[in-house]
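A structural walkthrough
Below, each chain spelled out in residue letters.
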Amino acid sequence: MLLNQFLLLAAVLFSVGVYGVIVRRNGVLVLMSIELILNAVNINLIAFSTFWGMGGQVFALFVIAVAAAEVGVGLAIVLLIYRNKRSIDIDALDELKG
Amino acid sequence: MTGLFAAAPSAVSFDTPANIAFAVIAVVMVIAAVRVVTTRNVVHAALWLMIVLGGNGLLYLLLQAEFVAMTQFLVYLGAIVVLFLFGIMLTRAPLGRSDDLDNDQRWMGVAVSLILLVVIGYSLIKTYSDDKLTFGAVRNAGTNAQTQDLATSIFVDYLVPFEVVSVLLLAALIGAIVLARRD
Amino acid sequence: MWFFTHVWIVPAMMALSFLLILFFGKKMPKKGAEIGIFFVALCLIYSLFTLGNWITWSHDSPTLAEGAPEAQQLAAEKGALANVPAECSKVAAHPVASVASEKAEGGSGGSDTSGGHGDEGATAANSTGTGTGEVASGAAATSGSAKAAEAGAEETLTRPVVRCATWIDSPEASITWGTQIDGLSIMMLLVVPLISLLVHIFSTDYVHGDRRYTHYFAFLSLFTASMLFFVLSQSTLQMIVGWELVGVCSFALIGHWWEEKPNSDAALKAFLTNRVGDMGLLIGMIILFFAAGNSFSIMDITILANEGGIRHTVLMAASICLIAAVMSKSGQFILHTWLPDAMAGPTPVSALIHAATMVVAGIFMVARLYPVFFHGLSISGSSINLLAVVGAVTALFGALLAFVQKDIKKVLAYSTVSQLGFMVTSLGVGAWTAAMFHLFTHAFFKACLFLGAGSLSHACHHSFNMVDDMGGLRKIMPKTFWTYLIATGALAGIFPLSGFWSKDEILAGTGSFPGSSHANGTYHLMLIMLLIAAFCTAAYMTRTIWYAFYGEYRGHGHPHESGPRITVPLIILATLGAIAGLANLPAQLSGWLDVPDSVQTRFEHLVEPVGLYFPQLTHAEFNPALAILSVAVGGAGIVLVYLYYWKGAFAGLHGLAGRNRTAAFFKNILVNKYYFDWLYTDVITGWVKGGLARGSNWVNKNVIDGVVNGVGRGAAAGGRWVYDNVDQTVVDGAVNGAGSVSSATGGGLRRITSGHIQQYAALFFAAAAVLAGMFVVLIG
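If you're wondering where the values come from, they're calculated on a predicted model, not measured in any experiment. (Residues numbered from 1 in each chain as written. Chains lettered and ligands numbered in written order. Predicted model: local features only at pLDDT ≥ 70, side-chain atom pairs only at ≥ 80, totals over all residues. Heavy atoms only, no water.)

1. Topic: the overall build of chain B
Of regular secondary structure, chain B possesses seven helices and zero strands. For chain B, the proportion of contacts with a sequence separation of at least 24, taken over those separated by at least 6, is 62%. Here chain B displays about 10000 Å² of accessible surface, and carbon together with sulfur accounts for 70% of that area. (Helix = DSSP H or I, 4+ residues; strand = E, 2+ residues; numbered from the N terminus. Contact = heavy atoms within 4.5 Å. Areas by Shrake-Rupley, 256 points an atom, 1.4 Å probe, with all protein chains shown as cover.)

See below:
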């Protein structure tokens, strides 16, 4: 097997995830797209770990742990937004506008 | 697009079944990932996401990272997807089809992700096009040397990051409680 | 022996009970209560058998002759650890070798503070002699021989029984969990199921018809299971797990009626305040883990700490961290604020968790790891240390706070805080047995008081406000009244109720009273603070009796005596609270009353460990003058309050706070609980939250706006310059063109800053991709 098989697949997943982050309006769906991105990164880490030893796998595990934390906090935030706005439409969150 | 991945290296050997498996998994994953970001049904998106995450786990198995694969199945498929489903339910997201899940920057999204894909793909092909995966001594089936190495690595080389991650999880736990509680 | 090695059954039974109630409780005829009661009763029977076995077991234990050569002593002490398997404790298997090697390499400070194998008489003379001069050393000399006579010139070694299972076995560190049986765990094994059983029975009436009746009993079971798991711990890791488990159960039970916001707030407050201390616990345990050569085994840690195998500074650091944990879990000053709020839970829960068992987890932890504290804080021969100061301050200030409470449960809560302070002080001054004895007696009478308060509120339409809704209940609820009175007497330390004996041992243990002997140090300050606290205790408890039981009934409706399921536990607890003090009668009461050998200091013999893993403590002798003083102080408190309320004496004091500014000032401080809650929520949290917000606002206003304004002003100035110099010479059309270009750019830029996050994300990704692309092209 070639290393590039995995890396390119990861690149595709990453790009799809980025598309989702940009396009989706539902907060939960945005979080799901972020999961896609994180998983793409994990594929890279694991693929490289066959080259460079265990560090990659260790960090893949860390990424999984951090992703769990991220989803937890992210969903809490989404829930809070829902409670305040009765909707989780990201487009409605434009308080940052200048 | 699939042809790109399925293109097995010219060497014959026992890589062929692995390559076939990879091709199948890759095709399924890409389709599922695209469905995650395009489907008009929120619950379906979560289910498609499950397929992507499961495919990810299979890839880890293919790369002989058994422990990470198991963790992937347990944490992602077991926990995170359930969390997403809870999130969907708690926010009363429309359970059926709905047409307003995307905003109006679809073309911008396509453009940006295509640029990213091209940049990443170009540099990858340029850099790694003739690197073959070597699994070294781990090919010795029937031992758990891989997992043992991983454990040693975590608890010896990366002990401090490990502790930091546990503190991070604790912080996330408290943060999630504080954010989500009703008062 | 069978009962010692299979003691894991006890927590396992309670865990099983939890699961059974959870899954089948709703379908049972009594909604699951009977499952809980059945299993707790089984546990109690088991622990009674264990106690019986422990008595014969320690009777058969080898003795340690006083004058024997050191090698022989060491061999005997080593032999006493025969029931500690090597996989549970590396050090216990070869204590001499490992300690000797550690000592040789370290030459550590442990040896000069421990006096572990030194001549006991010399240690005693040292410790008292430093403080009170020749009187004391003279006394020490005489009482040294008295002590020898009392102990029969030999000490019975404790033979702990440890069993463990290996959870993770790796060359670096093996993690085990199991049970450690010695006097201390036997005592807790008795107290926890006993109080729990009575609370279960009480609850069947008290929370009858509650919306989450089954859930309530399930959590009582889980709590009992986790507390038992905690007190039987074999490794520090297991202790941490048990510690957190009781915390979680406490959270769930405080918030039992979470629909009312104050209750869920109280639960969160308890949980979060405990997290502060838990950081200390984790750090302390990690320090000990490394200090004991990568071992979580309590036996390893205690033996090494005791025999000088761990450096003094390390022990000190660990004990200071662990004190933070004690402060949060056992409600010590300044992390005590959660405990009174935790009274939001159902009253039986308060009795079980916040009086008798859970809050003593901190005390238990100190007692279990006592060598760490004893040597780390140099308790022996000293006159002040952190543990004692924390305890004494808590004892005094908690007692003062109890005066201004209207809510009878809050009075009891602050009383608990104060009594826990007594225990911590006692541990801090080296009176280990006294602390454990007070824990033992306090569990009974404080549980009785809490359940009594529950019975009162049951009668008074679930109000706990004794000032406005109670009064005159003495005639209506005689059983509650008498049990409450007895428990109050015990708490106030009235002879011969149990509180008298345990409190007196603590006071004597400070070693500060003139003529006291055999204490481990001379803690003058502690004695004074504890005496004042004892005075306050007697006084505020008398106050609650006045409000609840005397005068006119001020509530509404017709109160009535509670049913037998409430009064019987009260009577049992009051009886135990009255007689538990007899478990540890001193050797002689001032010479005029000799106590028979067979009943004196039974508690001490059974509970206090002797051996390699526990510091060799001396025991302060019963001091009649001090006993009379402490009873007099308590009596004075009662009499003064009696005169004040019953007889209306000190008329000038009534309503003083309304007239006198100074009095009002002090009362305000007390009513506001020393402003600790204000400090935590408003000052610290508010500062962090508001301060950060204000800070970023300031940066926003002054820095960013300044830059923007500056740019604007610069642009304006530039414009004027352009106008002055260029405009005059350049064609108007060019100017207009420039104007429209800038307007167009502005408009375009305005569209970018739309506030839509995803647009920002898209731009961000696009920019990153372009940058990366440039990077690839340029470098590659």
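Text resumes after the structure shown.
2. Digging into unusual backbone geometry
The residue glutamine 64 of chain B is not glycine, and still its phi comes out positive at about 60°. Note that glutamine 64 of chain B resides in the loop between helix H3 (42-62) and helix H4 (66-90). Taking relative accessible area as the criterion, glutamine 64 of chain B reaches 16% and is therefore assigned buried. Of note, the phi angle at asparagine 294 of chain C is positive, near 55°, even though the residue is not glycine. Considering the arrangement of structural elements, one finds asparagine 294 of chain C in the loop between helix H12 (261-291) and helix H13 (298-306). (Buried < 20%, exposed > 50% of the residue type's maximum accessible area, 1.4 Å probe, protein only.)

3. A few points about the environment of alanine 574 of chain C
Residue and element names in this part refer to chain C. As for its placement among the helices and strands, alanine 574 is situated in helix H27 (residues 564-579). Sequence separation between alanine 574 and tryptophan 482 is 92 residues; the distance between their C-alpha atoms is 8.6 Å. When near neighbours in sequence (up to four residues on either side) are disregarded, alanine 574 contacts Cys448, Thr483 and Ile486.

4. Remarks on the interface of chain C and chain B
Many descriptions give the size of an interface as the accessible area lost when the pieces come together. Of the residues lining the interface, 16 residues belong to chain C; the matching set on chain B comes to 15 residues. Taken together, the two surfaces of chain C and chain B that pack against each other cover about 1300 Å², and 79% of this comes from carbon and sulfur. Across the contact surface, chain C and chain B share zero residue pairs in polar contact (both at pLDDT 80 or more). Per-element accounting of the side of chain C that touches chain B gives the leading share, 10 residues, to helix H34 (residues 757-779) of chain C. For the side of chain C that touches chain B, the per-class residue count stands at nine nonpolar, four polar and three charged. (Buried area = accessible area lost by both parts, 1.4 Å probe. Polar contact = N/O pair within 3.5 Å; in protein donor to acceptor, adjacent residues only side chain to side chain. Nonpolar A, V, L, I, M, F, W, Y, C, P; charged D, E, K, R; others polar.)

5. Section: the layout of surface pockets
There is about 1600 Å³ of room inside the largest pocket. Forming the walls of the largest pocket are 33 residues, and the residues nearest its centre are Phe155, Phe162 and Glu163 of chain B together with Leu237 and Phe296 of chain C. Put simply, the parts of the chain that give the lining of the largest pocket at least two residues each are helix H6 (145-157) and helix H7 (159-180) of chain B together with strand S3 (161-169), helix H11 (236-254) and H12 of chain C. Counting residues per element, the lining of the largest pocket draws most heavily on H12 of chain C, at eight residues. Its residues placed into classes, the lining of the largest pocket shows 23 nonpolar, five polar and five charged. (1 Å grid on protein atoms, 1.4 Å probe; cavity = no way out; pocket = protein on both sides within 12 Å on 5 of 7 lines; lining within 4 Å. Points joined across faces, edges and corners; volume = space filled by probe spheres on them.)

6. Thoughts on a nonpolar patch on the surface
The grouping of Ile115 of chain B together with Val770, Leu771, Met774, Phe775, Leu778 and Ile779 of chain C at the surface amounts to a nonpolar patch, some 750 Å² of accessible area in total. The dominant element in the nonpolar patch, judged by the number of residues it contributes, is H34 of chain C, at six residues. Overall, phenylalanine 775 of chain C belongs to the exposed group, its relative accessible area being 56%. (Patch = residues over 30% accessible without salt bridge, like charges linked within 9 Å, V, L, I, M, F, W, Y side chains within 5 Å. Salt bridge = Lys/Arg side-chain N within 4 Å of Asp/Glu carboxyl O.)

7. Quick word on the pairing of S3 of chain C
Residues and elements named next belong to chain C. Inspection of the sheet shows S3 paired to strand S4 (residues 174-181) by eight bridges, in the antiparallel sense. By the bridge assignment for S4, isoleucine 168 is matched with isoleucine 175. Where S3 folds back on S4, the antiparallel hairpin that results is connected by four residues. (Pairing = 2+ DSSP bridges.)

8. Section: the nonpolar core
It is characteristic of soluble globular proteins that their nonpolar side chains tend to be buried jointly. The biggest cluster of nonpolar side chains holds 209 residues, and the ones touching the most others in it are Met187, Ile195, Met227, Met365, Leu369, Trp432 and Met436 of chain C. Top element by residues in this core is helix H21 (residues 432-459) of chain C. It accounts for 18 residues. The contact partners of methionine 187 of chain C, leaving out residues within four places of it in the chain, are Met436, Leu439, Phe440, Phe603 and Val607 of chain C. In this structure, Ile46 and Leu75 of chain A together with Phe22 and Leu62 of chain B belong to the second largest nonpolar core, which totals 80 residues. (Core = buried A, V, L, I, M, F, W, Y, C linked by side-chain atoms within 4.5 Å.)

9. Structural notes on the packing of helix H20 (residues 408-428) of chain C against H21 of chain C
All names here are of chain C. The interhelical angle for the contact between H20 and H21, taken along N-to-C directions, is 175°, at an axis separation of 9 Å. By the angle class used here, H20 and H21 are roughly antiparallel. For the pair formed by H20 and H21, the contact residues are Ile408, Lys409, Leu412, Ala413, Ser415, Thr416, Gln419, Phe422, Met423, Ser426 and Leu427 on the first element and Trp432, Ala434, Ala435, Met436, His438, Leu439, His442, Lys446, Leu449, Phe450, Ala453 and Leu456 on the second. Residues that form the contact of H20 with H21 fall into these classes: 15 nonpolar, six polar and two charged. (Axes fitted to C-alpha atoms, helices over the stretch in contact; angles between N-to-C directions. Parallel < 35°, antiparallel > 145°, perpendicular 65-115°, else oblique.)

10. Quick look at the pattern of salt bridges
Residue and element names in this part refer to chain C. Within the structure shown, the criterion is met by five salt bridges over all chains. Put simply, aspartate 265 and lysine 261 hold a salt bridge, and the shortest N to O gap is 2.6 Å. You can see aspartate 265 and its partner lysine 261 sitting in helix H12, four residues apart, about one turn around the helix. In this structure lysine 261 comes out as partly exposed when scored by relative accessible area, which is 40%. The residue aspartate 341 makes a salt bridge to lysine 269 at a minimum N-O spacing of 3.0 Å.

11. Some remarks on the interface of chain A and chain B
Across the boundary between the two partners, chain A contributes 67 residues, which contact 86 residues of chain B. Taken as a group, Met1, Tyr19 and Arg24 of chain A account for 11% of the area that chain A buries against chain B, more than any other trio of residues on that side. Where chain A packs against chain B, one counts zero salt bridges. One can count nine residue pairs in polar contact (both at pLDDT 80 or more) joining chain A with chain B. Only helix H1 (3-23), helix H2 (27-52) and helix H3 (55-85) of chain A provide two or more residues apiece to the side of chain A that touches chain B. If one sorts the elements of the side of chain A that touches chain B by residue count, H3 of chain A sits on top with 24 residues. For the side of chain A that touches chain B, the class distribution of residues is 49 nonpolar, 12 polar and six charged.

12. Points about the side chain of aspartate 278 of chain C
Residues and elements named next belong to chain C. Residue position: aspartate 278 is located in helix H12. By relative accessible area, aspartate 278 is classed as buried at 2%. Apart from residues no more than four positions distant in its own chain, aspartate 278 is found in contact with Trp243, Glu244 and Ser328.

13. Here's the deal with the environment of phenylalanine 444 of chain C
Residues and elements named next belong to chain C. Within the secondary structure, phenylalanine 444 sits in helix H21. Classification of phenylalanine 444 as buried rests on a relative accessible area of 3%. It is 7.3 Å that separates the C-alpha atoms of phenylalanine 444 and alanine 574, two residues lying 130 residues apart in sequence. Contacts of phenylalanine 444, omitting those with residues within four sequence positions, involve Leu194, Ile195, Leu573, Leu576, Gly577 and Ala580.

14. Some details on the confidence of the model for chain A
In this model, chain A carries an average pLDDT of 87, and 96% of its residues clear a pLDDT of 70 or more. Across chain A, the secondary-structure element scoring lowest on mean pLDDT is H3 of chain A, at 88, and the one scoring highest is H1 of chain A, at 92. (pLDDT = per-residue confidence, 0-100.)

15. Looking at H2 of chain A
Residues and elements named next belong to chain A. Counted at 1.5 Å a residue, the expected span for H2 with its 26 residues is 38 Å, and the 37 Å between its end C-alpha atoms agrees. Residue asparagine 26 occupies the N-cap position of H2, its side-chain oxygen lying 2.9 Å from the main-chain nitrogen of valine 28. Immediately beyond the C-terminal end of H2, within one or two residues, lies glycine 53, with a positive phi of roughly 95°. (Expected span 1.5 Å × (residues − 1).)

16. Regarding the packing of aromatic side chains
Residues and elements named next belong to chain C. Inspection of the entire model under this criterion finds 35 aromatic pairs over all chains. Members of the aromatic cluster, each reached through a chain of ring pairs, are Phe481, Trp482, Tyr484, Phe549 and Tyr550. In this arrangement the basic side chain of arginine 159 is found over the ring face of tryptophan 57, its NZ or CZ atom lying 3.9 Å from the centre. (Phe/Tyr/Trp six-rings, centres within 6.5 Å; stacked < 30°, edge-to-face > 60°. Lys NZ or Arg CZ within 6 Å of the ring centre and 35° of its normal.)

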